There are 2 protein chains.
Amino acid sequence: MTILNNPKEFSETALSILEHAIPLFAEKGYAGVSMREIAQAVGIRAATIYHHFPNKEALHLGAMALAFADKAEGMAQALSEPGTPQDRLRRLIFRFTELMSRDRNFRLLLQRELMDGDEARLKVLAEKVFKDQFNGLAELAASVSPGCDAHLLAISMAGLVLYHLETGPIRKFLPGGRVEHDDPSVIAGHVTTILLHGMGGCAKP
Amino acid sequence: MTILNNPKEFSETALSILEHAIPLFAEKGYAGVSMREIAQAVGIRAATIYHHFPNKEALHLGAMALAFADKAEGMAQALSEPGTPQDRLRRLIFRFTELMSRDRNFRLLLQRELMDGDEARLKVLAEKVFKDQFNGLAELAASVSPGCDAHLLAISMAGLVLYHLETGPIRKFLPGGRVEHDDPSVIAGHVTTILLHGMGGCAKP
DNA sequence: GTCTATAGTCGGATAGAC
DNA sequence: GTCTATCCGACTATAGAC
């Protein structure tokens, strides 16, 4: 099988194994999860997993492929809506924040892959999973800010949203942290303001 | 010992163990590193580690404490310099980017802790390690953008820089990625522009 | 396709010689 | 303070019954 298999090709049991493996790998990382633990979550014995996957590595790869599948749709829709560049940016940031906020497993798996993935896996991830949406993001950035480096802007757009979500668990212990800051629409509003007007965009002097 | 011990209290051997453990925990995570592996890096036997640390958990905690120690100084200096709020912001972002770019182990350990740390550990991390610099960041944000939410701004400032560094390994596979994007001063310049003027700050129509 | 049983390895941790 | 030797449980993976 290729490095990122088509999830449709898995049997029902294999799919169930993958679905139960996803939150475990996301929460505890590859080395932190045992085959027994995954089997217990599914309700089968560890040996049975080896009937559906040749080894732990292949199971992990399959879980990643499934978790990353179909992430394109929600984004593509938000990207294709009409309006001024600024309106499209606002809608995209709100949609992106909502999607990422909802799918914690996806975020954690992505973070872990950025840390642990080797060159080959990152290349596949970039080209098979992220390329199209990243291009959409970059094109939108270019239309809002012609003449700027669209690549850097696209990273900044995604990063602003994702870092607010990444730091969610520790923010309540930092000065000024409030529960409202976990609200996706609050984060999206803040990020949109910074992107369109900079830090001073919300100032009331 | 407390959850974050004073690194000064460790013996020379204990310090050597910690220094060799830091890059291993950073690169492979807690579960991905064995006591034997750490011992081999130090050039001793695994049993010897247990003379200096009661168990793996304590060793990991010690490694974190050492890696996070003295992170305050470079930031405090950059924060205390005079100038207009905009000048101080620019200098701080450049300094912060340079510091974080240099210390990959610190960044990885922080990321892993945000993912894997429980409430108690995150609380200690926030209050013992980050509180002062976060306050400095927030105060600077407030002076640049009075009336805004300083907490959200401080997270955005740190997040913009850190996310560009986090995505370093995958950016070359994404459209528009160039080697210059790994240059800390390029990242710092881009982030500063966005923070001060928004995405349009670099536009040449 | 799922099971039991188990091989073979590696993990954290301890005992006790030096 | 470091070592050798070892315990014992957990790990990945396989063999073979059903």
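You'll find chain A entered in an unreviewed UniProt entry as Putative TetR family transcriptional regulator, with Magnetofaba australis IT-1 given as the organism.

> I would appreciate a short explanation of the protein's contact with DNA strand D in the present structure.
Close contacts around DNA strand D come from 15 residues, with A:Arg36, A:Tyr50, B:Arg45, B:Thr48 and B:His52 the closest. Counting only atoms of DNA strand D within 4 Å of the protein, the fraction found in sugar and phosphate groups is 64%. A:Met35 places a main-chain nitrogen or oxygen 2.8 Å from a phosphate oxygen of DNA strand D. In this structure, A:Tyr50 approaches DNA strand D through a side-chain N or O atom, which is 2.9 Å from a phosphate oxygen. Mapped by element, the contributors of at least two residues to the surface near DNA strand D are α2 (35-42) and α3 (46-52) of chain A together with α3 (46-52) of chain B.

> Honestly, the interface of chain B and chain A in this entry has me stumped. Any pointers?
In this complex, chain B contributes 64 residues to the contact, which on the side of chain A involves 64 residues. By the criterion of area lost to chain A, the three top residues of chain B are B:Met115, B:Tyr163 and B:Met199, representing 15% of everything that side buries. At the boundary of chain B and chain A, one finds 6 salt bridges. Ionic pairing is found between B:Lys172 and A:Glu119, a salt bridge with its closest N-O pair at 3.3 Å. Counting every contact that joins chain B to chain A gives 24 residue pairs in polar contact (both at pLDDT 80 or more). Going through the elements one at a time, α7 (104-116), α8 (119-144), α9 (150-166), α10 (168-171) and α11 (184-197) of chain B are the ones with two or more residues in the side of chain B that touches chain A. Classifying every residue of the side of chain B that touches chain A gives 34 nonpolar, 17 polar and 13 charged.

> Is there a simple way to think about the state of the cysteines in this case?
Linking two cysteines covalently through their sulfur atoms gives a disulfide. Per the counting criterion, the structure on display carries 2 disulfides over all chains. Here A:Cys148 pairs with B:Cys202 through a disulfide, and the sulfurs are 2.0 Å apart. Here the S-S torsion is close to 125 degrees, and the disulfide linking A:Cys148 with B:Cys202 is therefore right-handed. Of this pair, A:Cys148 sits in the loop between α8 (119-144) and α9 (150-166) while B:Cys202 sits in the segment after α11, each in a different chain. The buried category is assigned to A:Cys148, whose relative accessible area is 14%.

> Even after reading the chapter, I still don't get the relation of the copies chain B and chain A, so can you show me in this structure?
Think of it as a corkscrew move, a rotation about one axis and a shift along it, taking one chain copy to the other. The operation relating chain B to chain A is a screw motion whose rotation component is 180 degrees, with 0.0 Å of axial translation and a residual RMSD of 0.0 Å. The superposition of one copy onto the other is thereby described by a two-fold rotation axis. Proximity to the rotation axis, assessed at the C-alpha, singles out B:Gly198 in chain B; its C-alpha lies 1.9 Å from the axis. Most of the interface of chain B is mirrored in chain A, where 100% of its interface residues are also at the interface.

About the cut-offs
- Residues numbered from 1 in each chain as written.
- Chains lettered and ligands numbered in written order.
- Predicted model: local features only at pLDDT ≥ 70, side-chain atom pairs only at ≥ 80, totals over all residues.
- Heavy atoms only, no water.
- Near = heavy atom within 4 Å.
- Polar contact = N/O pair within 3.5 Å; in protein donor to acceptor, adjacent residues only side chain to side chain.
- Helix = DSSP H or I, 4+ residues; strand = E, 2+ residues; numbered from the N terminus.
- Contact = heavy atoms within 4.5 Å.
- Buried area = accessible area lost by both parts, 1.4 Å probe.
- Salt bridge = Lys/Arg side-chain N within 4 Å of Asp/Glu carboxyl O.
- Nonpolar A, V, L, I, M, F, W, Y, C, P; charged D, E, K, R; others polar.
- Disulfide = S-S within 2.5 Å.
- Buried < 20%, exposed > 50% of the residue type's maximum accessible area, 1.4 Å probe, protein only.
- Least-squares fit on C-alpha atoms with pLDDT ≥ 70 in both.

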